[in-house]
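Residue strings, one per chain:
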Amino acid sequence: AHSLVQDEFGPIWPQILNGQLKSHAEENAPVATSPRAFPVVILSHGLGGSGFEYTSLIEDLVSHGYVVAAIEHTYTSFAVLFPDGKVAPQRNDPTPEGLSPERRMQRMMASAGLNFAQGAGDVLFVLNKLTTLNSKGRTDFPLGGRLDLSRLAAMGHSAGGSYAARACQLD
C-alpha cells in the first residue's frame, strides 16, 4: 500500500508523512452543539483518485456545517486499505491487442457501465449505512440522530460525479 501511495503523491508524500503538510481535521473532535442536525454530503473521487485529494474541499464544506462522507471506491481509487490490512489496488484491465476500433469502443463502454454501476452502489451503500448509524439512541456513533438526511447531496468529480448522478437516479 505504501508504494502505491508513494507513486500517487510522489515527492510530496514524505511531507505528508512527517506532518509538514497539514489539514484542519482533528481526530475525535467533539461534535458541535448546534445546529441540532447537520446536512450531509456524500463525496465520490474521480477515477484513479482518492478522497484524500479533496481535503481542502471537504474542509470547506465542513466549515459551513456539512457532514461529509468521502468514499474510497474499491478498484477505482488508486488503492484502498481495508481494516484487516488487505489492499485493493486500482483495477487495471489492459485492452487486448488486435481489437477493431468498434470492439475497443464496445469494451470501453461496457467497462464504464460496470464502473458507474459499482460506484453508484457504493454511494447507496454509504447512504444506507449513514441511515442506520443515524438511528436515535445509538451510542457507538457520535453523530447518531444528528444527521439531517432530508438535506443530502451526492457529489463527485469526474467519474465520481457519474457515480453520484446514477445513485440519485436509483434512489
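Residues numbered from 1 in each chain as written. Predicted model: local features only at pLDDT ≥ 70, side-chain atom pairs only at ≥ 80, totals over all residues. Heavy atoms only, no water.

Asker: Which residues make up the nonpolar core, and what values do they have?
Answerer: Ranked by size, the top nonpolar core spans 18 residues in total, and within it Ile42, Leu130 and Leu147 carry the most contacts. For this core, the elements supplying multiple residues, two or more each, are strand 1 (38-44), strand 2 (67-71), helix 4 (101-133) and helix 5 (159-170). Setting aside residues no more than four positions away along its own chain, Leu147 makes contact with Ala37, Phe38, Val40, Val67, Leu130, Asn134 and Phe141. (Core = buried A, V, L, I, M, F, W, Y, C linked by side-chain atoms within 4.5 Å. Buried < 20%, exposed > 50% of the residue type's maximum accessible area, 1.4 Å probe, protein only. Helix = DSSP H or I, 4+ residues; strand = E, 2+ residues; numbered from the N terminus. Contact = heavy atoms within 4.5 Å.)

Asker: Give a detailed account of the pairing of strand 1, specifying residues and quantitative values.
Answerer: Among the 7 residues in strand 1, 7 count as buried, and that is most of the element. Pairing between strand 1 and strand 5 (residues 147-156): 7 bridges, direction parallel. Each bridged residue has a counterpart across the sheet, and for Pro39 the counterpart in strand 5 is Asp148. Pairing analysis gives 5 bridges linking strand 1 to strand 2, with the strands arranged parallel. (Pairing = 2+ DSSP bridges.)

Asker: Please provide a residue-by-residue account of the pattern of salt bridges, values included.
Answerer: Taken as a whole, this structure holds 3 salt bridges when the rule is applied. Between Asp140 and Arg138 there is a salt bridge, and its shortest N-O distance comes to 2.6 Å. A residue is classified by how much of its surface remains accessible, and Asp140, at 53% relative accessible area, is exposed. (Salt bridge = Lys/Arg side-chain N within 4 Å of Asp/Glu carboxyl O.)

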